[in-house]
Protein chains: 2
Amino acid sequence: MSANGVTLVSSNRCFGGRQEVYSHDSEQLKCKMLFSIYIPPKAVDGVKVPVLYWLSGLTCTEQNFIIKSGFQRYASDEGIVVVAPDTSPRGLNIEGEDTDYDFGTGAGFYVDSTQDKWKDNYRMYSYVTKELPLIIEQNFAVISGCQSITGHSMGGHGALICALKNPGLYRSVSAFAPIANPSKGKWGQKCFKGYLGDNPKDWEEWDSTLLVDKYNGPPLNLLIDQGSTDPYLADDLMGKNFVESCAGAKVPVIYRLQEGYDHSFFFVSTFIGQHIAHHAKALYDSIA
Amino acid sequence: MSANGVTLVSSNRCFGGRQEVYSHDSEQLKCKMLFSIYIPPKAVDGVKVPVLYWLSGLTCTEQNFIIKSGFQRYASDEGIVVVAPDTSPRGLNIEGEDTDYDFGTGAGFYVDSTQDKWKDNYRMYSYVTKELPLIIEQNFAVISGCQSITGHSMGGHGALICALKNPGLYRSVSAFAPIANPSKGKWGQKCFKGYLGDNPKDWEEWDSTLLVDKYNGPPLNLLIDQGSTDPYLADDLMGKNFVESCAGAKVPVIYRLQEGYDHSFFFVSTFIGQHIAHHAKALYDSIA
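As the structure is a prediction and not an experimental result, all values here were calculated from the model. (Residues numbered from 1 in each chain as written. Chains lettered and ligands numbered in written order. Predicted model: local features only at pLDDT ≥ 70, side-chain atom pairs only at ≥ 80, totals over all residues. Heavy atoms only, no water.)

Participant: Which residues make up the interface of chain B and chain A, and what are the values?
Facilitator: In this complex, chain B contributes 22 residues to the contact, which on the side of chain A involves 22 residues. Summing both partners gives a buried area of about 1900 Å² for chain B against chain A, and 53% of it is carried by carbon and sulfur. Its largest share of buried area at the contact with chain A, chain B owes to Arg13(B), Phe15(B) and Phe266(B), together 34% of the area lost on that side. Run the count over chain B and chain A and you get zero salt bridges. At the junction of chain B and chain A, the tally comes to 10 residue pairs in polar contact (both at pLDDT 80 or more). Secondary structure elements with two or more residues in the side of chain B that touches chain A: strand 1 (7-14), helix 2 (64-68), helix 3 (72-78) and helix 10 (265-286) of chain B. Residue classes in the side of chain B that touches chain A are distributed as eight nonpolar, nine polar and five charged. (Contact = heavy atoms within 4.5 Å. Buried area = accessible area lost by both parts, 1.4 Å probe. Salt bridge = Lys/Arg side-chain N within 4 Å of Asp/Glu carboxyl O. Polar contact = N/O pair within 3.5 Å; in protein donor to acceptor, adjacent residues only side chain to side chain. Helix = DSSP H or I, 4+ residues; strand = E, 2+ residues; numbered from the N terminus. Nonpolar A, V, L, I, M, F, W, Y, C, P; charged D, E, K, R; others polar.)

Here's what the structure looks like:
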């Protein structure tokens, strides 16, 4: 362990910057966690830059996004740091943590659990919104407080709730194929029951379609891309519900149904450049 | 199996085109083989375009390049089909085929074996230069004979020998960190001994550094990128030997030692756009 609490796991030069992975002991999750961080050329040279957080989907680790999305090219050009945490605590030996792909390990759902078995460790919401940003600001060349958030599927929803629950914390938010109304779909219901209990009333503060209804804060700069042939769209993602909720609450959102795209990283890779540009503009405009 | 001999395994929309994988029964290798093919938007619409072949390195399948390199963006923009075969025959139950990562399965080395155990199946050279191009021309919207070749590590060397042994067959050739003088390094020696026998004399027609010495044909349009901190550079890749051989034979080569880059796909992804542009120019110039 290094003096400041993070340990370098790997470092590769990429598009003139560095793609790195670090480990650290998480206070929120009470286990060792890995996160990836892309440091663009100007931050390698010590210039402080804004940060974009990426939240991955079910089964992912800190690796999937950095291997499969090709985002580094755009982050290098735009001059932003991009941080991608793992999707849950790991290796806790909680009974049932490794039984299913869509609950427990790899499926933290970016909530703070209230249920006995999980509540001491499954606190991905607090990890992502509080602990991790502090660690990044303490250890890397970033501008304090100048951050945005995005993600895919479970992580797309994670990005939405992190922004909706913390007005002003992020300069912009975007999502790829988010599980937009988890109280209504099988993935969301399974995780909400497990982490938050059986009462749907207790899920409301963690469902973006319900949260947007009561949002009261600065503009969210909200962009969502959704593939039109995504097999999970109708029953699990339900972006339409979120958009209707935005309309009712008069919260502006750019929702793009991308013709013929599915749920894969081939979809994400196609539009990640536009998302990076969206965030870079909001981030740099905010400090101009 | 479809009427024309290839069966669709997967298809994903990506940068307006399609990233697909097909299987077929190979005559050269006498087993089922998979290959990936990226079809750019204009070829999806039926316009015939040039083809670039990508050869992967040790342990890879037809998947690694399409997941990790981010090449689709550039192939979409430039309007070229990109085909990536697997790196060896598979599942033959030849004794020893799965013992090592650097021989047998995943390590065909793009030669035609002469040794009893392997010679009936390990014919990746003939597969890549003869059988596969025919299959592509019969089944996809490509311009007959308008092709180039590139690859990484073992596949970088594969690209070099395919071009050097077939003057005029490719419009351009490039390589990322090729195993450039395999007769002299441990990876090359192991595969050459296994597939070609113990006599180094029999390796000469498969070693790019020796082949370039006697090359006699049209310009190769030869580009090589090599990371300066690649851990395999000194003992296994030896690009310097190839460049010296090119100088002696007066064969022009652009050899770029890229400061601080290693052997990973983070290196490949950084420069794949420039390689795609290099090939697209040679390919489209040749039909202008």
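The rest of the description comes next.
Participant: Go over the side chain of Asp236(A) with me, naming the residues and quoting the values.
Facilitator: Residues and elements named next belong to chain A. The topology assignment puts Asp236 in helix 8 (residues 233-237). Classification of Asp236 as buried rests on a relative accessible area of 5%. Side-chain polar atoms of Asp236 contact the side chain of Lys186, separated by 3.2 Å. Those residues in contact with Asp236, other than ones at most four positions away along the chain, are Ile179, Gly185, Lys186 and Trp187. (Buried < 20%, exposed > 50% of the residue type's maximum accessible area, 1.4 Å probe, protein only.)

Participant: Summarise the pattern of salt bridges; cite the residues concerned and give the values.
Facilitator: Applying the stated rule across the entire model yields 26 salt bridges over all chains. Close ionic contact of Asp100(B) with Lys190(B) constitutes a salt bridge, the shortest N to O distance being 2.8 Å. One end of the pair, Asp100(B), is in the loop between strand 5 (81-85) and helix 4 (124-139); the other, Lys190(B), is in helix 6 (residues 186-196), with 90 residues separating them in the sequence. Looking at Asp100(B), the relative accessible area reads 33%, which means it is partly exposed. Residue classification places Lys190(B) among the partly exposed positions, given a relative accessible area of 30%. One continuous salt-bridge network, built from bridges that share partners, spans Asp100(A), Asp102(A) and Lys190(A).

Participant: Tell me about the environment of Ser208(A), residues and numbers included.
Facilitator: Residue and element names in this part refer to chain A. Among the secondary structure elements, Ser208 is positioned in helix 7 (residues 208-211). With 33 residues separating them in the primary sequence, Ser208 and Asn241 have C-alpha atoms 9.7 Å apart. Here Ser208 is in contact with His157, Leu160, Ile161, Leu164, Ala180 and Phe242, once residues within four sequence places are set aside.

Participant: Requested: an account of helix 9 (residues 239-249) of chain B, with residues and values cited.
Facilitator: All names here are of chain B. Of the residues making up helix 9, those classed as buried are Gly239, Phe242, Ser245 and Cys246. Along helix 9, the residues classed as buried sweep out an arc of 125° about the axis, all on the same side. More than 90 degrees from the buried face of helix 9, the exposed residues found are Lys240, Ala247 and Gly248. On its buried face, helix 9 is in contact with helix 5 (154-164), helix 7 (208-211), strand 8 (222-227), helix 8 (233-237) and strand 9 (254-258). Looking at the residues trailing helix 9, positive phi occurs at Lys250, about 55°. (Arc of directions from axis to C-beta.)

Participant: For the relation of the copies chain B and chain A, give the residues involved together with the corresponding values.
Facilitator: Taken as rigid bodies, chain B and chain A are interconverted by a rotation of 180° and an axial shift of 0.0 Å, the fit giving an RMSD of 0.0 Å. Taken together, the rotation angle and the small translation identify this as a two-fold axis. Looking at chain B, 100% of its interface residues are interface residues in chain A too, so the copies touch through the same face. (Least-squares fit on C-alpha atoms with pLDDT ≥ 70 in both.)

Limitation: the analysis is restricted to geometry and does not speak to function.
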